[in-house]
Amino acid sequence: MAGVLGQLPPALLALHAGALADRHSKRRQMITSDLVGAAALATVPVAGALGALALAQLVIVAVVQRAASVLHDAAAISLLPSLVDRSLIQRSNSRVGALLAIAATAGSHLGAALTALLGPARALIGDVASFLISAGCTVRIQTAEPAQAARPKARRL
């Protein structure tokens with residue numbers, strides 16, 4: 001059930017996430033998404049340590065974390081053209097995709113090792129750290145973002 005609910009935010013947010021990134025600071029959206037994801041995941045080891053971890057909390061954390069991920073990814077994709085020369089966009093997108101695949105594979109193995117070493121709830125501390133590192137790296141991006149799109153005016157019928 002948590003897996004199904006964790007997939008709802010991408011379906012509901014996918015169209016709106018790009019528009020949100022066009023209208024607001026992409027860096028701020030990425031940083032906020034990372035911090036929200038970290039905060040949501042941090043509740044799991046805390047609740048586990050207090051003996052209060054429940055399935056409902058895991059479902060909520062999955063939904064919040066996945067929604068934050070969708071918003072982050074939409075902003076990241078929108079920010080890339082301002083970071084690299086136009087002639088390098090295709091190559092840069094390919095490299096980002098390759099790095100994401102490598103990170104997913106390495107992250108799975110590292111997560112399994114941390115789970116075996118620390119237990120499932122405490123192993124999420126590593127994931128929380130990865131979100132905080134991502135937010136810190138995003139803060140360091142020193143490029144001007146393209147002008148934000150204006151909101152379309154409502155038409156009267």
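Residues numbered from 1 in each chain as written. Predicted model: local features only at pLDDT ≥ 70, side-chain atom pairs only at ≥ 80, totals over all residues. Heavy atoms only, no water.

(A) The arrangement of helix α5 (residues 120-139) in detail. Its 20 residues give α5 an end-to-end C-alpha distance of 30 Å, which sits within 8% of 28 Å, the value for a rise of 1.5 Å per residue. Within α5 the residues assigned to the buried category are A121, A123, V128, F131, A135 and T138. Against α2 (26-50), α3 (55-83) and α4 (89-118) lie the buried residues of α5. (Helix = DSSP H or I, 4+ residues; strand = E, 2+ residues; numbered from the N terminus. Expected span 1.5 Å × (residues − 1). Buried < 20%, exposed > 50% of the residue type's maximum accessible area, 1.4 Å probe, protein only. Contact = heavy atoms within 4.5 Å.)

(B) Molecular detail of the packing of α2 against α3. At a minimum axis separation of 8 Å, α2 and α3 run at an interaxial angle of 160°. Of the possible angle classes, the one that applies to α2 and α3 is roughly antiparallel. Between α2 and α3 lies a crossing whose hand is left-handed. Each residue belonging to the contact of α2 with α3 can be placed in one class, and the counts come to 14 nonpolar, eight polar and three charged. (Axes fitted to C-alpha atoms, helices over the stretch in contact; angles between N-to-C directions. Parallel < 35°, antiparallel > 145°, perpendicular 65-115°, else oblique. Left-handed = near helix turned anticlockwise from the far one by under 90°. Nonpolar A, V, L, I, M, F, W, Y, C, P; charged D, E, K, R; others polar.)

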